[in-house]
Amino acid sequence: MLMAALMALSAMAGGAQTPAPSRPPALGYTEALRCSGLAQAASELEGGESGEGRALYDAALYWSLTTIQAGQAAGRATAAVEADMTRARIQAVRQLTARDEAARTALQTCRARTPNLG
């Protein structure tokens, strides 16, 4: 669902650069990709009905757009960035489902870096 929203935003922009996030990330592509994967995975696992689910969805959207922007800045093709995000999400689902403590800690760090979008 999140990837569909991102593709729709990309299509509406006509391939234009993704707008700058409200707070510039201090992270590079690899770190933004990790946050994107973790936030997307956590959002999927939680669902969107609760307040926590909505906050995770917002974090997933923020980090996905930030990752796309960081990928563009690094000269990566959009298709490659989308493939990287899919792999990161799948890996994060596995880690969070297995209750991997390092993944949970990384998710909390990413969430702390996410601006309030609500």
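First, a word on what this report is: a plain description of the structure on this page. (Residues numbered from 1 in each chain as written. Predicted model: local features only at pLDDT ≥ 70, side-chain atom pairs only at ≥ 80, totals over all residues. Heavy atoms only, no water.)

**Focus on the environment of D84**
On the secondary structure map, D84 appears in helix α4 (residues 78-97). The residues contacting D84, other than those within four sequence positions of it, are Y29, L33 and R76. Here R76 takes part through its side chain, which lies 2.6 Å from a polar atom of the side chain of D84. (Helix = DSSP H or I, 4+ residues; strand = E, 2+ residues; numbered from the N terminus. Contact = heavy atoms within 4.5 Å. Polar contact = N/O pair within 3.5 Å; in protein donor to acceptor, adjacent residues only side chain to side chain.)

**Quick look at the environment of E46**
Tracing the sequence through the fold places E46 in helix α2 (residues 29-46). Relative accessible area serves as the criterion here: at 40%, E46 is assigned to the partly exposed category. Separated by 10 residues in sequence, E46 and L56 have C-alpha atoms that sit 8.0 Å apart. Once residues lying within four places of it in the same chain are set aside, the contact partners of E46 are E52, G53 and L56. (Buried < 20%, exposed > 50% of the residue type's maximum accessible area, 1.4 Å probe, protein only.)

**Looking at the nonpolar core**
In this structure, L38, A39, A42, W63, L96, L107 and C110 are the most contacted members of the largest nonpolar core, which totals 16 residues. By size, the runner-up hydrophobic cluster in this structure holds seven residues, among which are L33, A70, V81 and M85. (Core = buried A, V, L, I, M, F, W, Y, C linked by side-chain atoms within 4.5 Å.)

**Observations regarding the state of the cysteines**
Applying the stated criterion to the full structure yields one disulfide. The partner cysteine of C35 in its disulfide is C110, sulfur to sulfur 2.0 Å. Judged by the torsion about the S-S bond (-80°), the C35/C110 disulfide is left-handed. With C35 in helix α2 and C110 in helix α5 (residues 101-112), the pair connects residues that are 75 residues apart, well separated along the chain. Across the pair, C110 and C35 agree in class, each one buried. (Disulfide = S-S within 2.5 Å.)

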